[in-house]
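Each chain, letter by letter, is given below.
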Amino acid sequence: MPMKFRAHETFFIRKGWLSKGMRCIDNKPDVFTARDENPMDVLGIGANMVKALRYWIQAVGITEESKKGKRNHRFTDLGKLIYDNDKYIEEIGTLYLLQYRLASQQDEATAWYFFFNEFTMSEFSREDFVDALQKYIKMRDNNTEYAIRSLNEDFQCIINTYLPRYKINPAKVSPENNIDCPFGELGLLDILNRRKKTYKKSIPTCEMLNPYVILAVIVDNAAGRKEINLNELLTAPCNIGKVFNLDSITMLDILYRIEKKGLIKIIRTAGLDVINITEDLDFIKCVKYFYASIDKQIQEDAK
């Protein structure tokens, strides 16, 4: 498949966009392509924003679009669970699930995939990223030319996705004009030097990471295997270490929390550094556990 760049029309995900998109798709699966109603009127956003939302809601794994016939959107299994349990995307665990899907999109969101899975610099400038991305593109596809402008705009969109605007330019952001991306809450990116326009990848705290969300990513990548090497969890593309910027200490902390729930066993003896998954689990089952744990916590807090 060809790689995709700048499909977002330079618009990062605004707060409320995904919720609005889910609600409108639930009411009208052909909201983006219908001829009887203008999608700009239904969604209440401009033409380029409509294109961006149509792209983003698929890139984060909430919906899929029919390839043939009527170009309807339908919820993925993950999207249906999010719509049923957290339609306003208020839980940070939901955002981490969407981050996992987005950072795993090697073809549909190539710059995002590259940034989290292949780009090894923890401190960098725009030039560092774009130069490395160009080399990656040539390695994957030496026959197709991609506009340098598109790569630069993808970099800027990544910055706007994960950095709240008050951090980027605190003097120019007023509360009324604060249209951040919700992914800025994930703690994955920070400014290294504002004057030099350099940035750094950040490690989220263990407390931000829900054990069931982490386990969902692990079992999705395990593809049926019960035993997984710790180094694979940390360094393999699309696994927890890469898509969430984890170091070994933070990863072990969250793995011990999962172990306390009886869902995995950590084995670090006799030269082994592995986890054993102790239940028959898949990605969706773990996501269901996640939302059930939230409901349980809400009930306990209400007592």
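Residues numbered from 1 in each chain as written. Predicted model: local features only at pLDDT ≥ 70, side-chain atom pairs only at ≥ 80, totals over all residues. Heavy atoms only, no water.

When helices and strands are counted, the chain shows 14 helices and 8 strands. A compact globule built from 303 residues should have a C-alpha radius of gyration of about 19 Å, and the chain, at 20 Å, falls within 12% of that. Here the chain, with 303 residues, has 49% of them falling under the buried criterion. Counting contacts in the chain only where the partners sit at least 6 residues apart, residues at least 24 apart contribute 62% of the total. Carbon and sulfur atoms form 47% of the exposed surface of the chain, whose accessible area is close to 15,200 Å². (Helix = DSSP H or I, 4+ residues; strand = E, 2+ residues; numbered from the N terminus. Rg over C-alpha atoms; globule rule 2.2 N^0.38 Å. Buried < 20%, exposed > 50% of the residue type's maximum accessible area, 1.4 Å probe, protein only. Contact = heavy atoms within 4.5 Å. Areas by Shrake-Rupley, 256 points an atom, 1.4 Å probe, with all protein chains shown as cover.)

Another aspect to go through is the sheet that holds strand β7 (residues 264-267). Within the open sheet, the 3 strands sit side by side as β6-β8-β7. Their pairing is antiparallel. Edge positions in the sheet fall to β6 (227-229) and β7, since each of these pairs with one other strand and no more. Averaged over all pairs of adjacent strands, the angle between strand axes in this sheet comes to 25°, irrespective of strand direction. Of the pairings in the sheet, the one linking β7 to strand β8 (residues 274-277) comprises 4 bridges and is antiparallel in character. Residue K265 lies in a different strand from β8, and its bridge partner there is N276. (Pairing = 2+ DSSP bridges. Axes fitted to C-alpha atoms, helices over the stretch in contact; angles between N-to-C directions.)

Take a positive patch on the surface next. Together, R257, K260, K261 and K296 make up a region of like positive charge exposed at the surface. Among the secondary structure elements, K260 is positioned in helix α13 (residues 248-260). Assessed through its relative accessible area of 76%, K260 is described here as exposed. (Patch = residues over 30% accessible without salt bridge, like charges linked within 9 Å, V, L, I, M, F, W, Y side chains within 5 Å. Salt bridge = Lys/Arg side-chain N within 4 Å of Asp/Glu carboxyl O. Lys, Arg positive; Asp, Glu negative; His and termini not counted. Charge placed at Lys NZ, Arg CZ, Asp CG, Glu CD.)

Note on placement: C181 falls in the loop between α9 (165-168) and β4 (189-193). In sequence terms C181 and L163 are 18 residues apart; their C-alpha atoms lie 8.1 Å from each other. Those residues in contact with C181 that sit more than four places away from it in its chain are F12, I13, N160 and T161.

Right, let's talk about helix α1 (residues 17-27) for a bit. Note on helix geometry: an α-helix contains 3.6 residues per turn, so any two residues three or four positions apart are oriented the same way. Where α1 is concerned, the buried positions are W17, L18, S19, G21, M22, C24 and I25. Looking at the buried residues of α1, the elements they touch are α2 (39-43), α3 (47-59), β1 (63-65), β2 (73-75), α4 (77-85) and α5 (92-103).

Strand order in the open sheet made by the 3 strands is β3-β5-β4, with antiparallel pairing throughout. The outermost strands of the open sheet, each flanked by one partner alone, are β3 (123-125) and β4. With direction set aside, neighbouring strand axes in the sheet form an average angle of 40°. As paired strands, β3 and strand β5 (residues 198-201) are joined by 3 bridges and run antiparallel to one another. Looking at β5, one finds that F124 is bridged to Y199.

Okay, the pairing of β5 next. Bridge count between β4 and β5: 4 bridges; the pairing is antiparallel. Paired with D190 across the two strands is K200, which belongs to β5. Joining the antiparallel neighbours β4 and β5 is a turn of 4 residues, in which K197 adopts a positive phi near 55°.

With that settled, consider the packing of helix α6 (residues 110-117) against helix α8 (residues 148-162). Here α6 crosses α8 at 65°, and the two axes come no closer than 10 Å. When the axes of α6 and α8 are compared, the pair comes out roughly perpendicular. The way α6 lies across α8 gives a crossing that is right-handed. Along the contact surface, α6 presents A111, W112, F115 and F116, while α8 presents D154, C157, I158, T161 and Y162. Classifying every residue of the contact of α6 with α8 gives 7 nonpolar, 1 polar and 1 charged. (Parallel < 35°, antiparallel > 145°, perpendicular 65-115°, else oblique. Left-handed = near helix turned anticlockwise from the far one by under 90°. Nonpolar A, V, L, I, M, F, W, Y, C, P; charged D, E, K, R; others polar.)

Looking now at the packing of aromatic side chains. Summed over the entire model, instances satisfying the criterion amount to 24 aromatic pairs. With a centroid separation of 5.9 Å and an interplanar angle of 65°, the aromatic rings of F155 and Y199 are classed as edge-to-face. Linking F155 in helix α8 with Y199 in strand β5, this pair joins segments that are 44 residues apart in sequence. Across this residue pair, the class does not change: F155 and Y199 are buried. Taken together, the aromatic side chains of F114, F115, F116, F119, F124, F129, Y136, F155, Y162, F183 and Y199 make up a single cluster linked through ring pairs. The ring of F12 is capped by R14, whose NZ or CZ atom sits 4.0 Å from the centre of that ring. Sitting over the ring of F283, R101 keeps its end group 4.2 Å from the ring centre. (Phe/Tyr/Trp six-rings, centres within 6.5 Å; stacked < 30°, edge-to-face > 60°. Lys NZ or Arg CZ within 6 Å of the ring centre and 35° of its normal.)

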